[in-house]
Amino acid sequence: MNRRRERRQSAYLDFLDAVDAADRAIQLYFRDRRAAATEPVPVQQARVAEVRHLFEDAEQRGNRVLLEGPSGVAEAARKLIEVQADLVREVREFGQAHAAAAEDAHERAWAAEATGLSYMAARHEFIDVARAALDEVVDGS
């Protein structure tokens, strides 16, 4: 395996591990909020901070993907981070609406679920583009 492919593969895997860790924390927080749907529960600031920390780690690891490239993979990584940022925001807003027993809590939950689907699509797109880029390095060497 050539050195460029190894660097790229390492960057891509580190990035996927980080976005997956953030996604697991987001899903857990969202599911806990949904399970308590019958009564308002205060926002758990520590869990929100954990999600934010994991997301920031994913952003930082994404920078390595941006540098390693190629441009198609970098764009797919940027899109994945953008969609995950939207997901973090939607879940946070759902948590706040739920805590306040807001009338729009159900709409916020639906918006978070829809954004979650967009996140999964962006993740699959990243994997497909990254895999093709790794194959090109092997085929082109």
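Every value quoted in this text rests on a predicted model; they were computed, and no experiment measured them. (Residues numbered from 1 in each chain as written. Predicted model: local features only at pLDDT ≥ 70, side-chain atom pairs only at ≥ 80, totals over all residues. Heavy atoms only, no water.)

Draft legend 1. The overall build of the chain, seen in detail. For the chain, the helix and strand inventory stands at 4 helices and 0 strands. Along the chain direction, N to C, the helices and strands of the chain fall in the order α-α-α-α. Overall size of the chain, expressed as C-alpha extent along the three principal axes, is 60 × 25 × 20 Å. Counting only residues that meet the buried cut, the chain has 42% of its 141 residues in that class. The positive charge centre, built from 20 side chains, and the negative charge centre, built from 26, are 4 Å apart in the chain. (Helix = DSSP H or I, 4+ residues; strand = E, 2+ residues; numbered from the N terminus. Buried < 20%, exposed > 50% of the residue type's maximum accessible area, 1.4 Å probe, protein only. Lys, Arg positive; Asp, Glu negative; His and termini not counted. Charge placed at Lys NZ, Arg CZ, Asp CG, Glu CD.)

Draft legend 2. The confidence of the model for the chain, seen in detail. Residues of the chain with pLDDT of at least 70 account for 92%, and the chain-wide mean is 88. The element-level mean pLDDT for the chain is lowest in helix α4 (residues 105-139), coming to 89, with helix α2 (residues 45-68) highest at 94. (pLDDT = per-residue confidence, 0-100.)

Draft legend 3. Focus on the pattern of salt bridges. Per the stated rule, a full pass over the model turns up 14 salt bridges. Its salt-bridge partner being E68, residue R7 comes within 3.3 Å of it at the nearest N-O pair. Separated by 61 residues along the polypeptide, R7 in helix α1 (residues 3-35) and E68 in helix α2 bring together distant segments of the chain. The partner of R131 in a salt bridge is D128, and the shortest N-O contact between them spans 3.8 Å. With R131 and D128 both in helix α4 and 3 residues apart, the pair spans about one turn of that helix. (Salt bridge = Lys/Arg side-chain N within 4 Å of Asp/Glu carboxyl O.)

Draft legend 4. Geometry of the nonpolar core. Counting 36 residues, the largest nonpolar core has Y12, F15, V19, V65 and F126 as its most contacted members. Listed by contribution, the elements that provide at least two residues to this core are α1, α2, α3 (71-99) and α4. Sort the elements by how many residues they give to this core and α1 lands first, with 11 residues. Ignoring sequence-local partners within four residues, the contact set of V19 consists of A58, L80, I81, Q84 and Y119. (Core = buried A, V, L, I, M, F, W, Y, C linked by side-chain atoms within 4.5 Å. Contact = heavy atoms within 4.5 Å.)

Draft legend 5. Broad picture of the environment of L80. For L80, the location among the structural elements is in helix α3. Sequence-wise, L80 and Y119 are 39 residues apart; in three dimensions their C-alpha atoms are separated by 6.6 Å.

Draft legend 6. Quick look at unusual backbone geometry. Look at the link from G69 to P70: it is a cis peptide, with omega at -5 degrees. Of note, P70 is situated in the loop between α2 and α3.

Draft legend 7. Structural context of α1. Under the 1.5 Å per step criterion, the end-to-end length of α1 is 48 Å for 33 residues, consistent within 8% with the ideal 48 Å. The N-cap residue of α1 is N2: its side-chain oxygen and the backbone nitrogen of R4 are 3.2 Å apart. (Expected span 1.5 Å × (residues − 1). Polar contact = N/O pair within 3.5 Å; in protein donor to acceptor, adjacent residues only side chain to side chain.)

Draft legend 8. View of the packing of α1 against α2. Look at α1 against α2: their axes get within 8 Å of each other, and the N-to-C directions meet at 160 degrees. The angle between α1 and α2 falls in the class roughly antiparallel. You can see that α1 and α2 cross each other, and the crossing is left-handed. Here the residues of the contact of α1 with α2 are counted per class, giving 17 nonpolar, 2 polar and 9 charged. (Axes fitted to C-alpha atoms, helices over the stretch in contact; angles between N-to-C directions. Parallel < 35°, antiparallel > 145°, perpendicular 65-115°, else oblique. Left-handed = near helix turned anticlockwise from the far one by under 90°. Nonpolar A, V, L, I, M, F, W, Y, C, P; charged D, E, K, R; others polar.)

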